[in-house]
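Architecture and fold: a report
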Amino acid sequence: MKIREINNVSFFLILSFLIFFASNTKAQVEQTSRINPRQNYPSREIVVQFKKELLNLGEENSFKSAQKKFNSLKGSLTRKDESSNLVVYELAEDIFQNKSVEDAQAILKNEIDKIKKLPVVQFAEPNYQRQPLLIKTNDLLKDKLWGLDNNGQTVSGIAGEVDADIDAPEAWAVSNGVKDIVVAVIDTGIDYNHPDFSHNLWEGTDCADKNGNYLGGCIHGYDFQDDDKDPMLAGNEHGTLVSGIIGATPNNGIGVLGVAPKAKIMALKSNLSLYELVAAVDFAIANNVKIINASYGGDTFSEIEYQSIKKFKDSGGIMFAGAGNVGSNNEVSHFYPSDYDLDNIISVAATNQFDQLASFSNYGKYSVDIAAPGENILTTSGQNNSFVYASGTSMSTPYVSGLAALLWSYKPNLNAQQVRQLILESGDSLPALAGKIATSKRINAYKTLTNPIVQTKALYRFYSQNHQAHFYTISQEERDHIIATYPVEEWNYEGIAWRVLPDQSFDSRLLPIHRFYSLAYQKHFFTISEVEKNTILNNTYPEASWNYEGIAWYAYPNDEQEAKTSPVYRFYSQNHQAHFYTISQEER
């Protein structure tokens, strides 16, 4: 098994011929020997379970009561789990300062012993990490894939920093995908005979050309240089490097593995001219692809390319584009397509094994969205079925497009904007990226898959003095109509009640909230209960003349509340024959 090293980062396909200009500039990356500055300290977090009969976290003000129990100790309570009556107690940040690992462990044990002596405490333990810490596959080079799982291992002569990675094994423990997702790699073609692509190539049995005309079978993509159905590389291995990071086959006993174990790579071979790039985007649209990896760029704005990517947006797709490899500020010197002002482009910078911005990576406080591992990345080579180390934002970009494929595979009902939002909001915030990257984050696959936040809608709340009743709607049109049509004593707008989910695209567990209107009482009623809905529909309350108005919004059932959602409290007034809903504990 052969491994080579590519030392210059021109492989971002700032390759000499780039989109609109021909330069032969190469940015060299100097690699110096560094050591891991972090010691293997224990976690400062302690999990404490209380005796429910003495301290019940489900009761009001109980968390404050719990905090008082710890006033004499050096730390604070940070989280609670009412169901299991647990809290997380975090020791003071400087408690291990200038201590050896052994001393730190002794300090932790001593603090736990103190907590155990409190009468209200049932158990106290270190906050053990149960998630998998290794890439558990039989791929021979998996231990070199620091971007997926960084345990401080030495890669290409450099010992990295523990956990400066995307938490891929933890994400795969949640899901390695339930549905094949196609990623179009617009690049220099691919060595589709490489053994590490054995199961992860787009078959192309029913492919269409860029105009939507049926072509029959395509061999894993299309070649826009030669205008044929065979995207085999013709010497330049860049597309093969990129593709391996996205979807090299796992558990095949050789080589490496990709971020998205079930992704299907569609190779769109191009010389990266404007025409061929637009043709490749059209081909992706015609074949219903939602993810494009664009590890290329140039400094010239193109309205044609802009409109092409906008068209891809209109088809529901996202493009992941490298920020560039000359270490410059994209706010000053723009780089395209990553800098186009389109919300279906995610611009990607590169980080190194220490969670620092790579020295070659372009950046931009507003123009570059997020970062991903991009230095000393081991991946598939286009030469002799081998593997190679490569650096550049060409390498960081497929980490993010691969994450999009993994997320869409796990939650296929998401739309493109929800995928974008989850990736950008779920990363790890890094001090080194503050002021350099819009989100200040490097991607985190585990957090992306487990983040319940999606695009929500405001739920607008009205109160009628005349009817002594509240009304709720997520429709801006309905809100504006009521405000413009009715006097305030009839319907007074009280603002946003809370934010809700408009559909089930994020999570199939979400249930519809049904909306009824009583002509007799001139009041609305909302319920998540199918039994209650059917009871009303069976005319159980004829005096109310309840009319079913459809689904108002969606919510989690009571027994499946998510960590970042709030319960909705429901009240009923016998005097006013009306219901009221709130998420405010104070109002409740």
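A closer look at the overall build of the chain
The number of helices and strands found in the chain is 11 helices and 28 strands. Considering the chain as a whole, with its 588 residues, one finds that 53% of them fall into the buried category. Put simply, 69% of the contacts in the chain that link residues at least 6 apart link residues at least 24 apart.

Topic: the side chain of Ser 308
Locating Ser 308 in the fold gives a position in helix α6 (residues 303-314). The residues contacting Ser 308, other than those within four sequence positions of it, are Val 278 and Val 281.

Overview of the sheet that holds strand β23 (residues 492-500)
With respect to topology, three strands assemble into an open sheet ordered β22-β21-β23, the strand pairing being antiparallel. Of all the strands in the sheet, just β22 (469-473) and β23 have a single pairing partner and so form its edges. The mean inter-strand angle of the sheet, taken between neighbouring strand axes irrespective of direction, is 25°. For strand β21 (residues 457-464) and β22, the ladder comprises five bridges, and the chain directions are antiparallel. In the sheet register, Ser 464 faces β22, and the bridge partner there is Ala 469. Docked against the sheet, helix α10 (residues 476-485) engages β21, β22 and β23, running at close to 25° with respect to β21.

A look at unusual backbone geometry
Residues Tyr 336 and Pro 337 are joined by a peptide bond in cis, for which omega reads 15°. Summarising the element assignment, Pro 337 is placed in the loop between β14 (318-322) and β15 (345-351). Unusually for a residue other than glycine, Asn 61 sits at a positive phi of about 65°. As for its placement among the helices and strands, Asn 61 is situated in the loop between β2 (45-50) and α1 (62-69).

Some thoughts on the sheet that holds strand β24 (residues 511-518)
The pairing of strands in a sheet happens through backbone hydrogen bonds and is either parallel or antiparallel. The strand order across the open sheet formed by three strands is β25-β24-β26, and the pairing between neighbours is antiparallel. Both outer strands of the open sheet, β25 (523-527) and β26 (546-555), are each paired with one neighbouring strand and no more. Averaged over all neighbouring strand pairs, the angle between strand axes comes to 25°, with direction disregarded. Sheet strands in contact with helix α11 (residues 530-537) are β24, β25 and β26, and its direction is about 30° off that of β24.

Considering the pattern of salt bridges
In this structure the tally under the stated criterion is 18 salt bridges. Across the pair Asp 314 and Lys 310 runs a salt bridge whose closest N-O atoms are separated by 3.8 Å. One end of the pair, Asp 314, and the other, Lys 310, are both in helix α6, four residues apart, so they sit about a helical turn from each other. Here Glu 532 ties to Arg 570 by a salt bridge, and the two come within 2.8 Å at their closest N and O atoms. Of the two residues, Glu 532 sits in helix α11 while Arg 570 sits in strand β27 (residues 569-573), which places them 38 residues apart along the sequence.

What to know about the state of the cysteines
One pass over the structure, following the stated rule, counts one disulfide. The residue that forms a disulfide with Cys 207 is Cys 218, at a sulfur-sulfur distance of 1.8 Å. As the torsion about the S-S bond is roughly 55°, the Cys 207-Cys 218 disulfide counts as right-handed. Here Cys 218 lies in the loop between β10 (214-216) and β11 (221-223) and Cys 207 lies in strand β9 (residues 207-208), a separation of 11 residues in the sequence. For the pair Cys 207 and Cys 218, one class covers both residues: buried.

Reading the values: rules and limits
- Residues numbered from 1 in each chain as written.
- Predicted model: local features only at pLDDT ≥ 70, side-chain atom pairs only at ≥ 80, totals over all residues.
- Heavy atoms only, no water.
- Helix = DSSP H or I, 4+ residues; strand = E, 2+ residues; numbered from the N terminus.
- Buried < 20%, exposed > 50% of the residue type's maximum accessible area, 1.4 Å probe, protein only.
- Contact = heavy atoms within 4.5 Å.
- Pairing = 2+ DSSP bridges.
- Axes fitted to C-alpha atoms, helices over the stretch in contact; angles between N-to-C directions.
- Salt bridge = Lys/Arg side-chain N within 4 Å of Asp/Glu carboxyl O.
- Disulfide = S-S within 2.5 Å.

No statement about biological role is implied by the geometric values presented.
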